[in-house]
Amino acid sequence: IQMFPEADTVETKRDLFHRMIREIPPGLTLIIARPAVHSPGLQQLAPDWQQRVWEAELLSDPKLPMLLEEEKIITTSWREVMKRFDISERFPGDEE
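Now for a description of the structure that goes with this document. (Residues numbered from 1 in each chain as written. Predicted model: local features only at pLDDT ≥ 70, side-chain atom pairs only at ≥ 80, totals over all residues. Heavy atoms only, no water.)

**Overview of helix H1 (residues 10–22)**
Threshold: Here a helix means four or more residues in a row that DSSP labels H or I, a strand means two or more in a row labelled E, and each is numbered from the N terminus. Each residue after the first adds 1.5 Å to the expected span of a helix. Only protein chains enter the area calculation, which uses a 1.4 Å probe; residues under 20% of their type maximum are buried, those over 50% are exposed, and those in between are partly exposed. Read the arc as the range of directions from the helix axis to the C-beta atoms. Contact criterion: two residues are considered in contact whenever any of their non-hydrogen atoms come within 4.5 Å of each other.
With 13 residues, H1 ought to run about 18 Å at 1.5 Å a step, and its terminal C-alpha atoms sit 18 Å apart, in line with that. Burial in H1 covers these residues: Val 10, Lys 13, Phe 17, His 18, Met 20 and Ile 21. The buried residues of H1 all sit within an arc of 155 degrees when viewed along its axis, so they share a single face. On its buried face, H1 is in contact with strand E1 (2–3), strand E2 (31–32), helix H3 (49–59) and helix H4 (64–70).

Below you can see the structure in the form of structure tokens.
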């Protein structure tokens, strides 16, 4: 589990996020992000509102899919993960 990196500027946050992507080890990794759309209400409710707005910006960056492809990272869903690891209906000798 990795948290979206925090930073003082969106550029630094982007650089840290891209570095984190490039350093993901093989296997299953969960990246926790809290993207949000900027609004006066968000500013009142969330002290870290700027980080959340930047996360939304970085996650919607059209260059992100290219970076994931370059790093051979496959995105998935919890439903798919659970299907891959569900052994409740497998028995010895069953074929995959």
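**What about the layout of surface pockets?**
The following threshold applies: Here a cavity means grid points, on a 1 Å grid over the protein atoms only, where a 1.4 Å probe fits yet cannot get out; a pocket means an open set of points with protein on both sides within 12 Å along at least five of seven lines; lining residues are those with an atom within 4 Å of a point. Grid points are joined across faces, edges and corners, and a volume is the space filled by probe spheres set on the points. Under this grouping Gly is polar, as are all residues other than the nonpolar Ala, Val, Leu, Ile, Met, Phe, Trp, Tyr, Cys and Pro and the charged Asp, Glu, Lys and Arg.
Empty space within the largest pocket amounts to approximately 870 Å³. The wall of the largest pocket is formed by 27 residues, among which Thr 29, Ile 73, Ile 74, Thr 75 and Thr 76 lie closest to the centre. Elements represented by at least two residues in the lining of the largest pocket include exactly H1, H4 and helix H5 (78–85). Its residues placed into classes, the lining of the largest pocket shows 18 nonpolar, 5 polar and 4 charged.

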